[in-house]
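Each chain, letter by letter, is given below.
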Amino acid sequence: MQQTLMVITIELMIKERSDSLFEIALSLFPGGVNSPVRAFQSVYGNPVFVERGDGSYIWDEDGNKYIDFCCSWGPLILGHNNNSVKSAVSKAIEKGLSFGTPTMKENELASLVLKNNNYLDKIRFVNSGTEAVMSAIRLARGFTKRDKIIKFDGCYHGHADSLLVKAGSGLATFGVSSSEGVPESTANETIVLDLNDKETVNEAFTNYPNEIACIIIEPIPANNGLLIQDQEYLIFLREACNNNGALLIFDEVISGFRLGFGGAAAFYDIQPDLITYGKIIGGGLPVGAYGGKEEIMAHISPDGNVYQAGTLSGNPIAMAAGIAQITACLVKGFYSTLDSRAAHFVEIIRAHIKEKGYKMSVYSIGSIFWIAFSDKKRIQKASDIDADSMELFKIMHSYLLEHGVYLGPSGYEVGFISQAHDQKTLEIAAKTICNSLDHIFDEKQKNQERI
Ligand SMILES: *Cc1c(COP(=O)(O)O)cnc(C)c1O
C-alpha cells in the first residue's frame, strides 16, 4: 500500500504554483479566468498557468513542460514565440504603440491578404473574431435592409448578442437566447438550424420571404467538435442565398489561413459575400478582420451608412505580428508540409485505434484534428455528438496533462498542429495519446470485469 502511494506521488506532476495562482485568480475574475473555457470546468483539475512557450512546447509556472495542441486556440500556426513574429513585434515597438492614424503596416497586411486571396476585394481590420462577425452581420443587415439571420447549431461565432442564440423548442423556428442578458427580441431575429440539412434552409426562406439578411456558417465547423460538411451542401447554401437575396458569410476565424492560405473559400472554391477572420491573422496578437466584395464593403462607414469603428483597430504592433506570420504562411510548401505532418500524426493514432478495436475516431482536416469517443464514420451535426462520451475525454485529458501533452480543456475542442510541431515531437505525442487510450479502455475493461 505504502509503495503504491509513493509511486503515485512520484508520477503526479507538481502543480502547486498553478493551483495557488488559480486560488488568487478566483478572487479576481469570475471563475478565475478571462474566458470561460480556460476554467477546466469540463475536465479534471485546475487550469494550468502557463509561464512561457517555445515552438511546440509550453511550460507551466511549476516548470512542467507540455507539447501544446491548443496553440492559443488556433492563432499560433507557427508555434510559440516564433522568431520572425517576435522580431517584427520588437521592431514595431521601437516606433510607438498606437497612433489612431493610418499606418503603412495596415496597408501591408491588407495587401498580403488581398493579393493572395481571390475571394475578397476589400477588408477592414478589427480587434477580435467576435468583432469581425458582429460587424459582418451588421453589414449584411445594412446591405440587404433585412433583419433576420440564419446560423447553425454547432457553429460558434463569438459572443455578439445575435449569435448567442440556440434553436427554439417545438415548432418555433426562431431562436431563443443561449445567454442571460441577450434580449429575446434580439434572439428572435436569429434562426438556428441543424447543419447538413437542406430542407430546413429552404423552409426558413419560405417562411420568411425577403426577411433573411444572411446565412452565417463556419464552413469548417471546428468549435463544437469537427463537423466537416460536404462541399455540395456549402454550394447549396451559396445558391439558396443567391435565390433569396441573402448574403452568405463564411466565418473563417479558424479556417482562414489554416486550411491553406485561402481558407475554406478557396478549399471548396465557393465565393462567399463576406468572410470573417481572426486568430491566425494576428500572429498571436488581437486582430480580427472582415472583408468581401467591393460593392458590399462600400456600405461600411465612412463610405457608406453602416457604422463600424475601433480606437485600436489596425494597431501597428498587432499588424507587425500579422505581417510576419502571414508572410511565413505564403512560403511555398508551408501548408503541404504542415498538413502532411498532421496526417502522419493522426494516422498513428487511427492505426492504434483500429488495431485495438476501440470505439472512437480521430476526425481531421489539414492541421486541425478532433479526437472523439465515437466510431461514427462522419459527424456532421452537433446533435450527433454523444454527450456521455465526454466522460472518457476527461480521463484522456488528465492522463495527457500528466504525461506532458496539452489539449484544450474540453472534449468539444479541436486540436491544432503548428509548423513548430516536427515529426519527432508529433510521434512522441501520438504515442502518448495511444497510451492514454490504452489506459482508458483497460480501466473500462477492468471495471466491467469487476461488475
Ligand atoms: C474564435 C472564434 C470566434 C471569436 O473570436 P474571438 O477572437 O474569440 O472573439 C468567432 N468565430 C469563430 C469561428 C471562432 O473560432
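1. Focus on the overall build of the protein
Line of reasoning, step 1. On a plain count of helices and strands, the protein comes out with 14 helices and 16 strands.
Line of reasoning, step 2. Its C-alpha atoms give the protein a radius of gyration of 23 Å, near enough to 22 Å, the size a compact globule of 451 residues would have.
Line of reasoning, step 3. The C-alpha extent of the protein, read off along each of the three principal axes, is 75 × 60 × 45 Å.
Line of reasoning, step 4. Counting only residues that meet the buried cut, the protein has 53% of its 451 residues in that class.
Line of reasoning, step 5. Considering only residue pairs separated by 6 or more positions, the protein has 71% of its internal contacts joining residues 24 or more positions apart.
Line of reasoning, step 6. Distance between charge centroids for the protein: 4 Å, based on 40 positive and 53 negative side chains.

2. Points about the site of the ligand
Line of reasoning, step 1. Surrounding the ligand, one finds Ser 128, Gly 129, Thr 130, Tyr 156, His 157, Gly 158, Glu 218, Asn 223, Asp 251, Val 253, Ile 254 and Lys 279.
Line of reasoning, step 2. In the environment of the ligand, a nitrogen atom lies 3.4 Å from a nitrogen or oxygen atom belonging to the backbone of Tyr 156.
Line of reasoning, step 3. At 2.9 Å, a side-chain N or O of Asn 223 approaches an oxygen atom of the ligand.
Line of reasoning, step 4. Here the shell around the ligand is composed, by residue class, of three nonpolar, six polar and three charged.

3. Brief notes about the domain arrangement of the protein
Line of reasoning, step 1. Here the protein is described as being made up of domain 1 (16-68 + 333-450) and domain 2 (83-329).
Line of reasoning, step 2. Relative to domain 2, the C-alpha centre of domain 1 lies at a distance of 27 Å.
Line of reasoning, step 3. Taken residue by residue, the interface counts 21 residues in domain 1 and 25 residues in domain 2.
Line of reasoning, step 4. In total, about 2000 Å² of surface goes out of reach between domain 1 and domain 2, with carbon and sulfur atoms giving 57% of it.
Line of reasoning, step 5. Contact with domain 2 buries surface across domain 1, with Tyr 335, Ile 365 and Gln 380 losing the most and accounting together for 33% of the total.
Line of reasoning, step 6. Linking domain 1 with domain 2 are one salt bridge.
Line of reasoning, step 7. Residue Asp 230 is joined to Arg 378 by a salt bridge in which the shortest nitrogen-to-oxygen separation is 2.8 Å.

4. Description of the side chain of His 80
Line of reasoning, step 1. Along the chain, His 80 falls in the loop between strand E3 (65-68) and helix H3 (83-93).
Line of reasoning, step 2. Within the local environment of His 80, its side chain forms a polar contact with the side chain of Asp 68, the two groups lying 2.7 Å apart.

5. With respect to the pairing of strand E1 (residues 50-54)
Line of reasoning, step 1. Relative to strand E2 (residues 57-60), E1 is paired through four bridges, and the arrangement is antiparallel. By the bridge assignment for E2, Gly 53 is matched with Ile 58.
Line of reasoning, step 2. Counting the residues in the hairpin turn of E1 and E2 gives two residues, including Gly 55, whose phi is positive at 60 degrees.

6. Digging into the layout of surface pockets
Line of reasoning, step 1. One number sums up the size of the second largest pocket: a volume of about 650 Å³.
Line of reasoning, step 2. If you list the elements that add at least two residues to the lining of the second largest pocket, you get helix H4 (104-115) and strand E4 (122-126).

7. Notes on the sheet that holds E1
Line of reasoning, step 1. Taken in spatial order, the four strands make up an open sheet running E1-E2-E3-E15, and their pairing is mixed. Lying at the two open borders of the sheet, with one neighbouring strand each, are E1 and strand E15 (405-406).
Line of reasoning, step 2. Examined bridge by bridge, E2 and E3 share three bridges and lie antiparallel to one another. Bridge pairing links Tyr 57 to Ile 67 in E3.
Line of reasoning, step 3. On the sheet, helix H14 (residues 423-450) packs against E2, E3 and E15 and is oriented at approximately 100 degrees with respect to E3.

8. A few points about the pattern of salt bridges
Line of reasoning, step 1. For the coordinates displayed, the defined rule picks out eleven salt bridges.
Line of reasoning, step 2. A salt bridge links Arg 52 to Glu 51; its shortest N-O distance comes to 3.9 Å.
Line of reasoning, step 3. For Arg 52, a relative accessible area of 42% gives the class partly exposed.
Line of reasoning, step 4. For Glu 391, the salt bridge identified is with Lys 394, shortest N-O distance 3.7 Å. Taken together, the residues Glu 391 and Lys 394, both in helix H13 (residues 390-402) and three residues apart, mark about one turn of the helix.
Line of reasoning, step 5. A residue is classified by how much of its surface remains accessible, and Lys 394, at 18% relative accessible area, is buried.

Calculation notes
Residues numbered from 1 in each chain as written. Predicted model: local features only at pLDDT ≥ 70, side-chain atom pairs only at ≥ 80, totals over all residues. Heavy atoms only, no water. Helix = DSSP H or I, 4+ residues; strand = E, 2+ residues; numbered from the N terminus. Rg over C-alpha atoms; globule rule 2.2 N^0.38 Å. Buried < 20%, exposed > 50% of the residue type's maximum accessible area, 1.4 Å probe, protein only. Contact = heavy atoms within 4.5 Å. Lys, Arg positive; Asp, Glu negative; His and termini not counted. Charge placed at Lys NZ, Arg CZ, Asp CG, Glu CD. Near = heavy atom within 4 Å. Polar contact = N/O pair within 3.5 Å; in protein donor to acceptor, adjacent residues only side chain to side chain. Nonpolar A, V, L, I, M, F, W, Y, C, P; charged D, E, K, R; others polar. Domains from an automatic or database assignment. Buried area = accessible area lost by both parts, 1.4 Å probe. Salt bridge = Lys/Arg side-chain N within 4 Å of Asp/Glu carboxyl O. Pairing = 2+ DSSP bridges. 1 Å grid on protein atoms, 1.4 Å probe; cavity = no way out; pocket = protein on both sides within 12 Å on 5 of 7 lines; lining within 4 Å. Points joined across faces, edges and corners; volume = space filled by probe spheres on them. Axes fitted to C-alpha atoms, helices over the stretch in contact; angles between N-to-C directions.

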